[in-house]
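Spelled out from the first residue to the last, the chains are:
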Amino acid sequence: MNTNNEIVSLTNIIKNYDNGKVITKALQGIDLKLYQGDFSVMMGPSGCGKSTLLNIIGALDRATSGSVIFNGKDINSLTNKELSIIRRNQIGFVFQNYNLLPVLTAYENAEYVLMLQNIPLSQRKEKVMNLFKEMELEGLENRLPRELSGGQQQRVAIARAVVTNPLLVLADEITANVDSKTAQSLLMLMEKLNKNNNITFLFSTHDPIVKKFARKVILLKDGRIDKEELSSENI
């Protein structure tokens, strides 16, 4: 259940892509609010705008027009450097293909953003090791990504996303490359982090398993929000 602290407010978001010949209208007037403690999922057919919207919320892309307020700041008015600081310090990302650095161990991958934040070594170690224990990754700290299963790699990716205690975690099709049992385990883990640590999650997915865990479902169609519905099962 959210605490009514607004993290993201989108107003009339338009996103067009112009390749010089054709203009593709990816988003057509999106209004959306996300609150601290939300556990929400965006769903819809391929090409409906889910990934585009996730990228705009995550300050990875800019809207063509409209207002994007993140934690009280109008991010359309920020420089690329200022956006990179927001991404580093306030947003966690979990991707379908894990995006772990192959030359770093599981521990080092999870620690990496803390290093960028200049967190002292002792604090980094305490944060990562406590999180690995909570996420059942103990004993895997020194393994490289290629030595981990898909589910283990995704757990490390989740650890990397949440170790900084971000305001928001954005998860894009994170169950696509794992079996249904592993997907269920990952979602139970994130649900636990949401409830115990009050970490806010927004998923983009086609997977009905993710929908079962969500407390709010945002249905997209043709670049618009078709429907927002609360799950009575998970509220």
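This write-up is about the structure you can find in this document. Here the structure is a predicted model, which means the values were calculated and not measured.

## Describing the pattern of salt bridges
Part 1 of the reasoning: The tally for this structure, following the rule as stated, stands at seven salt bridges.
Part 2 of the reasoning: Where Arg124 meets Glu111, a salt bridge forms, and the shortest distance between an N and an O atom there is 2.9 Å. A residue pair is termed long-range when its members are at least 10 positions apart, and Arg124 in helix H4 (residues 121-134) and Glu111 in helix H3 (residues 106-116) qualify at 13 residues. For the residue pair Arg124 and Glu111, the accessibility class agrees, reading buried in each case.
Part 3 of the reasoning: Within this structure, Asp38, Lys216 and Glu228 form a network of salt bridges that share partners.

## Thoughts on the sheet that holds strand E8 (residues 200-204)
Part 1 of the reasoning: Taking strand neighbours across the sheet as the criterion, the six strands line up as E6-E7-E8-E3-E9-E10 in an open arrangement whose pairing is mixed. Two strands lie at the open edges of the sheet, namely strand E6 (91-94) and strand E10 (224-230), each paired on one side alone. Neighbour to neighbour, the strand axes of the sheet diverge by 20° on average, direction disregarded.
Part 2 of the reasoning: In the sheet, strand E3 (residues 39-43) pairs with strand E9 (residues 216-221) via four bridges, with the strands oriented parallel. Across the sheet, residue Val41 finds its bridge partner in E9, namely Val217.
Part 3 of the reasoning: Seen against the sheet, helix H1 (residues 50-57) touches E3, E6, strand E7 (168-172), E8 and E9 and runs at an angle of roughly 155° to E7.

Here is what the cut-offs are and how they apply
- Residues numbered from 1 in each chain as written.
- Predicted model: local features only at pLDDT ≥ 70, side-chain atom pairs only at ≥ 80, totals over all residues.
- Heavy atoms only, no water.
- Salt bridge = Lys/Arg side-chain N within 4 Å of Asp/Glu carboxyl O.
- Helix = DSSP H or I, 4+ residues; strand = E, 2+ residues; numbered from the N terminus.
- Buried < 20%, exposed > 50% of the residue type's maximum accessible area, 1.4 Å probe, protein only.
- Pairing = 2+ DSSP bridges.
- Axes fitted to C-alpha atoms, helices over the stretch in contact; angles between N-to-C directions.
- Contact = heavy atoms within 4.5 Å.

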